[in-house]
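Spelled out, the chains give:
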Number of protein chains: 6
Amino acid sequence: MSEYQAFRVELVDKVAHVVINRPDKINAMNAAFWTEIIEIFRWVDETDEIRAVVLSGAGRHFSSGIDLSLLAQVGTQLGKDVGRNAQTLRRKILELQASFKAVDQCRKPVLAAIHGYCLGGAIDLVSACDMRYCAEDAQFAIKEIDIGMAADVGTLQRLPRIIGDGMLRELAFTGRTVGAAEAREIGLVNQVFSDFDVLLAGVMDIARVIAAKSPVAVRGTKEMIRYMRDHRVDDGLEYVATWNAAMLQSADLRVAMAAHMSKQNPEFAD
Amino acid sequence: MSEYQAFRVELVDKVAHVVINRPDKINAMNAAFWTEIIEIFRWVDETDEIRAVVLSGAGRHFSSGIDLSLLAQVGTQLGKDVGRNAQTLRRKILELQASFKAVDQCRKPVLAAIHGYCLGGAIDLVSACDMRYCAEDAQFAIKEIDIGMAADVGTLQRLPRIIGDGMLRELAFTGRTVGAAEAREIGLVNQVFSDFDVLLAGVMDIARVIAAKSPVAVRGTKEMIRYMRDHRVDDGLEYVATWNAAMLQSADLRVAMAAHMSKQNPEFAD
Amino acid sequence: MSEYQAFRVELVDKVAHVVINRPDKINAMNAAFWTEIIEIFRWVDETDEIRAVVLSGAGRHFSSGIDLSLLAQVGTQLGKDVGRNAQTLRRKILELQASFKAVDQCRKPVLAAIHGYCLGGAIDLVSACDMRYCAEDAQFAIKEIDIGMAADVGTLQRLPRIIGDGMLRELAFTGRTVGAAEAREIGLVNQVFSDFDVLLAGVMDIARVIAAKSPVAVRGTKEMIRYMRDHRVDDGLEYVATWNAAMLQSADLRVAMAAHMSKQNPEFAD
Amino acid sequence: MSEYQAFRVELVDKVAHVVINRPDKINAMNAAFWTEIIEIFRWVDETDEIRAVVLSGAGRHFSSGIDLSLLAQVGTQLGKDVGRNAQTLRRKILELQASFKAVDQCRKPVLAAIHGYCLGGAIDLVSACDMRYCAEDAQFAIKEIDIGMAADVGTLQRLPRIIGDGMLRELAFTGRTVGAAEAREIGLVNQVFSDFDVLLAGVMDIARVIAAKSPVAVRGTKEMIRYMRDHRVDDGLEYVATWNAAMLQSADLRVAMAAHMSKQNPEFAD
Amino acid sequence: MSEYQAFRVELVDKVAHVVINRPDKINAMNAAFWTEIIEIFRWVDETDEIRAVVLSGAGRHFSSGIDLSLLAQVGTQLGKDVGRNAQTLRRKILELQASFKAVDQCRKPVLAAIHGYCLGGAIDLVSACDMRYCAEDAQFAIKEIDIGMAADVGTLQRLPRIIGDGMLRELAFTGRTVGAAEAREIGLVNQVFSDFDVLLAGVMDIARVIAAKSPVAVRGTKEMIRYMRDHRVDDGLEYVATWNAAMLQSADLRVAMAAHMSKQNPEFAD
Amino acid sequence: MSEYQAFRVELVDKVAHVVINRPDKINAMNAAFWTEIIEIFRWVDETDEIRAVVLSGAGRHFSSGIDLSLLAQVGTQLGKDVGRNAQTLRRKILELQASFKAVDQCRKPVLAAIHGYCLGGAIDLVSACDMRYCAEDAQFAIKEIDIGMAADVGTLQRLPRIIGDGMLRELAFTGRTVGAAEAREIGLVNQVFSDFDVLLAGVMDIARVIAAKSPVAVRGTKEMIRYMRDHRVDDGLEYVATWNAAMLQSADLRVAMAAHMSKQNPEFAD
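Let me sum up the structure you'll find in this document.

Cut-off values and rules
- Residues numbered from 1 in each chain as written.
- Chains lettered and ligands numbered in written order.
- Predicted model: local features only at pLDDT ≥ 70, side-chain atom pairs only at ≥ 80, totals over all residues.
- Heavy atoms only, no water.
- Helix = DSSP H or I, 4+ residues; strand = E, 2+ residues; numbered from the N terminus.
- Rg over C-alpha atoms; globule rule 2.2 N^0.38 Å.
- Contact = heavy atoms within 4.5 Å.
- Areas by Shrake-Rupley, 256 points an atom, 1.4 Å probe, with all protein chains shown as cover.
- Pairing = 2+ DSSP bridges.
- Buried < 20%, exposed > 50% of the residue type's maximum accessible area, 1.4 Å probe, protein only.
- Arc of directions from axis to C-beta.
- Least-squares fit on C-alpha atoms with pLDDT ≥ 70 in both.
- Right-handed = clockwise from strand over helix to strand, strands pointing away.
- Salt bridge = Lys/Arg side-chain N within 4 Å of Asp/Glu carboxyl O.
- Polar contact = N/O pair within 3.5 Å; in protein donor to acceptor, adjacent residues only side chain to side chain.
- Nonpolar A, V, L, I, M, F, W, Y, C, P; charged D, E, K, R; others polar.
- Axes fitted to C-alpha atoms, helices over the stretch in contact; angles between N-to-C directions.
- Parallel < 35°, antiparallel > 145°, perpendicular 65-115°, else oblique.
- Left-handed = near helix turned anticlockwise from the far one by under 90°.
- Core = buried A, V, L, I, M, F, W, Y, C linked by side-chain atoms within 4.5 Å.
- Buried area = accessible area lost by both parts, 1.4 Å probe.

**Structural notes on the overall build of chain A**
Working step 1: Looking only at helices and strands, chain A has 11 helices and 9 strands in total.
Working step 2: For chain A, the C-alpha radius of gyration of 20 Å lies close to 18 Å, the compact-globule estimate for 270 residues.
Working step 3: Viewed in the frame of its principal axes, chain A has a C-alpha envelope of about 70 × 40 × 40 Å.
Working step 4: In chain A, once contacts between residues fewer than 6 apart in sequence are set aside, the share between residues at least 24 apart is 70%.
Working step 5: For chain A, the exposed area adds up to about 9,100 Å²; of that, 50% sits on carbon and sulfur atoms.

The structure is reproduced here in structure tokens:
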């Protein structure tokens, strides 16, 4: 594990704990954040030992979103020609999106543990995770509307598959703050924990449960759910048949069956 | 603002209030309704001053749906040849659909404020709005099943993205009535207000909040959410990057940032 | 009605009641189950008299999912060549999927009445039904993860359209058990009944309500909702216009209208 | 038939002949052109007597494309804010596209008869027609590249379905001129005629052949081909089954069959 | 191999030769034809020994298309209610389509050898084959337009992927006859042979070449091309990666490589 | 420009000439090839001065495809578990595909100049280019079928959009060799040149023509054509309207117009 400027990373019991680590800046997403998150999730993806990921924020908040000084800096790269500026901006946005695509496309499940502020870009980030859990003090807001722009790194693209359409529009148009209870009610988070410590312990428990399952089965399951977000039911059925044509020849089924018969916990190879 | 037979329209604080105005007919949707709604939403779309729309019904109900005499009249236009009748009916249905497409594709957010009956075609209509709010006396029912037909002006097409699949099927197959509390629970409305006056005041407040945001940001946000209803996540990311390539060059970001820094309310050009 | 090994089938009041009938095996899905279900739903589809279907389990549980001996038997059909084994497995999976496609594509609404265990393959099955209702003792779990595989006969393909994405992932990755109350909260079932008898009576009532509607309208409605699961809103609008171009020429509209005017119950031809 | 500034329109033998009529301007597409073409094709669509359309240019050329003064005028409508300019331009482009969509979506077959110049916007136009035929003196060029822009009213969207991908890219990147023989070879036109008079006579003959067929069959055929440009084979099969469910009940089949048996020419109602 | 009424079937050198065998009826497609073709292609699909299929017609023609008496018979099944008739017709069309889907989805390549008439339904049939070859006397025509209907068993759905859009529309709207040379020029057939005997010998040669390749490779190749007809390039790349993840573990690669090194002909297991 | 092991790269007149440079190995694609091509095309993409790319092979052939020793080496990375091997292989294939995606997604047009052998992986490569040109001695063959596998780095995915479906299937199933004349006839190449020197001069000329056009217009044109390969016509129209909303505000239009008026060659900024 390398050293990171914007993150702290641990690997315990086959679970990688990725902590956004700029607590004095409310974990605002600076330049280092956007590049390091790609490296971290590439490492997660390629390290067979890692079977699940927990993502949280250091200090009193999850994250206040993109660092405004980063936005300002993009502005300074623009010239006089609107067309060429547009090409520069388009590439920059695609580049930022790539950082959260690394989370979305990670082959291991990613669980967000959210407390305090989860604003703007932080919503884009947790929308790219598999599941979201929060503490009672969590506050969610789609803040992009208040800096005069449509959210462009994932919130408007991924959240419609997670929460209801009508409420999504209200939150995106008004930027109003949502608390923990409402977040659970609208499906934004799966469960609310009393405070940060209980939250982190609870989410780590769920991650460990997942880490004990067959990694072949977990990856297949994640790939299928990811696929269904954008494909038809008949295509999904054909895809899983093609996928399992190979995977059902894995030893993991025998290991799982044997454990099931003998009422013991199975041990799966990484 | 023109005079309308089936509507009453006001423009207050950059919010257009569109009222279905045939209270003695429970706001049944007659021929004038279907053509005037297109004109009204074209005006909304083209009038820069308008930034949000509230849609409600005059009298004791939102609307009882399509005027049955209009349906009967369509029948009189049919001849003997089943094939040519089918072509006539198909065009007529597409024509009616166009009226609610005008609502759906309006570039400004449309908020439905619903009280009393919201039946049949009225469900098709509110499904085409951005958000739905209701009074405690609201009653929703997909009534088309009871006149022997599959709903064909939007309910079966847009509602599956708004409420859960299982409940949608029950309501569509049985035509049973849903009250305000259940409507909220299943995501059909965002919030329930005690009575019509409170409802209208509450919805106008939300509309005014939206009207105070950057219109460039609001339109981009609406376009992105509309797009995601029918497109893949990766296409959506590419689309917003292309869109924002131009929009991030707008002055609204600077205005919003400056207001944010100085803790003042921003003023955006129409 | 033929005799079946894995099912018992009745036809009452235009409602077919299909019962999984291996109570001593917790209604595990054996070879007979997978072929007979296709025959049964072909019969349902082709018998005009049948207008709705109720699906339930005999004994104390709905079903414990696929019979593990069936899985084991598939293993014995494999040879040495991984590529040819993959082709064999792929065809076998597609064959099993076809059994639940018969449920999904049935032109009459299918209502699942669930009590006790509803595990693994049983979730795949009820995901292919139109609506789901359960008794208070119902227990749901996506058990495939615990036998080392990604679910491949429909759960991961159809459930994302029924329950929220975040909760689906938790259930699919962990295999944890969900009770009746939570099932209702996340939209997996529409309603919870106190026990099996009340459940069955309640679901039969809903089925009878549907059976009394115009069959032309019910089939059109089901086809449109099925279509929207995988298509765009604009395609759906065009499709229903084409569909209704023929169906609005049916006598059922006149029958329904006349009954509506005379406040009597309409009688529709099969 | 109304009078038009940019067109001349005739109706002979159930074939509408639409002539771009600004020969002294090489039939450049001015403001009148873009609005009148919508009116003309709405009339074509709604007039049952019309069964096919021939589109040609008056004078020595088909058309030199968009009138550059129109482009210049759009420029004058722009203000200082890049974001608001972008919204203005986007709407303007969509508006121009709507003019050629009227051709594309016309329910009757449209045959382009091309001689002399067919440049820039004229390629966009003929790409929206069903078939293209030309005289030996025809010259085609995707001229947009030479005014510094990507073609945005249909060439890049519809031509890839008509000519091969590799050649399309060469023509779009270089703007080079293609003569009649090459146009035929790459599938841009169906047939080359010696000169304009022979061309027009030949295309009118083909149009009359089409006009003598069952209009129900011709419209169905056009709708199916249009649909397949953008849909899957399985969706297309389902769509034509739904469409023909009504159309096969038309009298036209009996008329056609009877004529077939008696070796006579059938007469179909409009 | 069973006995068939409408076909004659042989298996030579791992190539199945399927002959439409009603020469005195110009191989018109009667009721037996539509059901037997499904049985035959199921047998082809399930018989490992068969690696390619050649489809031809007995007597002087390939086929004149659907037997008109079959069409007439469908008419007699219709009743008075337009809606119920539409449902009957829709199911009947889907049933006929299923016969040619059996050809399209067959896992082994299907080569059509066409001489004499290839009219109406026969075009639908050869559009569902992998490749088409013809004798110089071949005559092709999309005859459905002349019996007053849009072709509904595959021509309008599959042919647009095979021949150019512009020419397809001309042929579909006019029903005109295309000879062998033009058929080759527009891509309808791959090659023209002098007469039927030369044609059959030539096509059998190509089929034998295919039958000598690795069946794992041939099936994968066919599946990928079929998939690309309806899917995006990025989806296709992901699908082939998933497919080959299993298939590259087959022994066929080693067999093929070894043969390549030793300059000998490889022998692949069925 | 860096030094490469498998390539030689030059930049002349704003055209990058990329040469596969392993002539003694018939330009077989070894490990260095697959990684360096990504670096080269990233450099092409990011270097504003480059406006077009020509891709050719050093020595007597374009390329014989993937280096078989590379394939053999992948085999050595596999272990005993079929499921884990499948995951390894799937990732490896995706990795190889990424190399040609870098060509496909390059924002500048890429012109392939092909002489001698163009076999197996080389067809995958040229399918990812914008246009293909060849010398008379060129020989094309989809060789993957002869090493017992379905082509998986692009041929089966991209070629169906370039050449006709029927001929593609013949070439993919049989692996037969196609010469220059047939390659042109089926649309695989745009033009045939007498020998390698004339070919290279001719292709460089076309590249220079493109390099002299507005780079804003060329990139927009390429993006639109790439988009249409996988999207609907209506989506394409909306996308180009959004794209040009920014790009039409570029100075390039004024530069192009002014040059057009003054009959001079325009000079565009990079």
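**A few points about the sheet that holds strand E5 (residues 117–119) of chain D**
Residue and element names in this part refer to chain D.
Working step 1: Sheet architecture is open: 3 strands sit in the order E5-E7-E8, paired in mixed fashion. The sheet terminates laterally at E5 and strand E8 (178–179), the two strands that pair on one side only.
Working step 2: Relative to strand E7 (residues 139–141), E5 runs parallel, the two sharing 3 bridges. Among the inter-strand pairings, Tyr117 is bridged to a residue of E7, identified as Gln139.

**Structural notes on helix H11 (residues 252–262) of chain A**
Working step 1: Of all the positions in H11(A), only Asp252(A), Leu253(A), Ala256(A), Met257(A) and Ala259(A) are classed as buried. Along the axis of H11(A), the buried positions cluster into a sector of 165 degrees, meaning they face one direction only. In H11(A), those exposed residues whose orientation departs by more than 90 degrees from the buried face are Arg254(A) and Met261(A).
Working step 2: Considering only its buried residues, H11(A) is in contact with helix H9 (215–228) and helix H10 (233–247) of chain A, helix H2 (68–76) of chain C together with helix H3 (82–104) of chain F.
Working step 3: Count one or two residues on from H11(A) and you reach Lys263(A), which has phi positive near 55 degrees.

**Some remarks on the relation of the copies chain A and chain F**
Working step 1: When chain A is fitted to chain F, the best match, at an RMSD of 0.0 Å, comes from turning it 180 degrees and sliding it 0.0 Å along the axis. Such a turn and shift between the copies fits a two-fold axis.
Working step 2: Looking at the interface residues of chain A, 100% of them are also at the interface in chain F, so both copies use one shared face.

**Remarks on the pairing of strand E3 (residues 52–57) of chain D**
Residue and element names in this part refer to chain D.
Working step 1: Among the 6 residues that make up E3, 6 are buried, leaving the element largely enclosed by the rest of the structure.
Working step 2: Of the two faces of E3, the one holding Ala52, Val54 and Ser56 and the one holding Val53, Leu55 and Gly57 are both buried throughout.
Working step 3: Both strand E2 (residues 15–20) and E3 contribute to a ladder of 6 bridges, which runs parallel. Each residue of the ladder has a partner; that of Val19, found in E3, is Ser56.
Working step 4: Following the backbone out of E2, through helix H1 (residues 31–46) and into the adjacent parallel E3, one traces a crossover that is right-handed.

**Digging into the interface of chain B and chain A**
Working step 1: Counting residues at the interface gives 42 residues for chain B, matched by 39 residues for chain A.
Working step 2: Inspection of the region where chain B meets chain A yields 3 salt bridges.
Working step 3: The salt bridge partner of Glu185(A) is Arg184(B), with a shortest N-O separation of 3.4 Å.
Working step 4: Run the count over chain B and chain A and you get 16 residue pairs in polar contact (both at pLDDT 80 or more).
Working step 5: Those elements that provide at least two residues to the side of chain B that touches chain A are strand E6 (131–135), helix H8 (196–211), helix H9 (215–228), helix H10 (233–247) and helix H11 (252–262) of chain B.
Working step 6: For the side of chain B that touches chain A, the per-class residue count stands at 21 nonpolar, 10 polar and 11 charged.

**Digging into the side chain of Asp81(D)**
Working step 1: Here Asp81(D) lies in the loop between helix H2 (68–76) and helix H3 (82–104).
Working step 2: For Asp81(D), a relative accessible area of 14% gives the class buried.
Working step 3: Engagement of the side chain of Asp81(D) in a polar contact is seen with the side chain of Arg84(D), the distance being 3.0 Å.
Working step 4: Every residue in contact with Asp81(D), bar those within four places of it in the chain, is listed here: Ser250(B) and Ala251(B).

**Observations regarding the packing of helix H6 (residues 165–174) of chain D against helix H9 (residues 215–228) of chain F**
Working step 1: Relative to each other, H6(D) and H9(F) sit at 160 degrees, their axes nearing to 10 Å. In terms of orientation, H6(D) and H9(F) fall into the roughly antiparallel class. Crossing angle aside, the handedness with which H6(D) passes H9(F) is right-handed. Note on element contacts: H9(F) touches H6(D) through Val218(F), Thr221(F), Lys222(F), Ile225(F) and Arg226(F), opposite Asp165(D), Leu168(D), Arg169(D), Ala172(D) and Phe173(D).
Working step 2: Here the residues of the contact of H6(D) with H9(F) sort into 5 nonpolar, 1 polar and 4 charged.

**Section: the nonpolar core**
Working step 1: Core analysis: the largest hydrophobic core is formed by 141 residues, its most contacted members being Phe140(C) and Phe140(F).
Working step 2: In this structure, Phe140(C) is in contact with Ile114(C), Cys118(C), Leu119(C), Ile123(C), Cys134(C), Arg176(C), Thr177(C), Val178(C), Gly179(C), Ala183(C), Leu188(C) and Val189(C), ignoring residues within four places of it in sequence.

**Some details on the pattern of salt bridges**
Working step 1: For the structure on display, the rule yields 156 salt bridges over all chains.
Working step 2: Of the charged contacts, one joins Asp146(E) and Lys213(D) as a salt bridge, the two residues approaching to 2.7 Å between their closest N and O atoms. Taken as a pair, Asp146(E) in the loop between strand E7 (139–141) and helix H5 (155–158) and Lys213(D) in the loop between helix H8 (196–211) and helix H9 (215–228) lie in two separate chains rather than in one.
Working step 3: Residue classification places Asp146(E) among the partly exposed positions, given a relative accessible area of 27%.
Working step 4: The shortest N-O distance in the salt bridge between Arg232(D) and Asp234(D) comes to 3.2 Å.
Working step 5: Here the residues in one salt-bridge network are Arg90(A), Glu238(B), Glu223(F) and Arg226(F), joined through shared partners.

**Thoughts on the interface of chain A and chain F**
Working step 1: Taken together, the contact between chain A and chain F spans 25 residues of the former and 25 residues of the latter.
Working step 2: Buried surface at the junction of chain A and chain F, both sides included, amounts to about 2,000 Å², of which 45% is carbon and sulfur.
Working step 3: Of all residues in chain A, Arg84(A), Gln87(A) and Arg91(A) give up the largest surface area on contact with chain F, accounting jointly for 33% of the area buried on that side.
Working step 4: The interface formed by chain A and chain F includes 6 salt bridges.
Working step 5: With its nearest N and O atoms 3.4 Å apart, the salt bridge here joins Arg90(F) to Glu223(A).
Working step 6: Applying the counting rule to chain A against chain F returns 18 residue pairs in polar contact (both at pLDDT 80 or more).
Working step 7: Listed by contribution, the elements that provide at least two residues to the side of chain A that touches chain F are helix H1 (31–46), helix H3 (82–104), H9 and H10 of chain A.

Treat this as a map of the structure, not an account of what it does.
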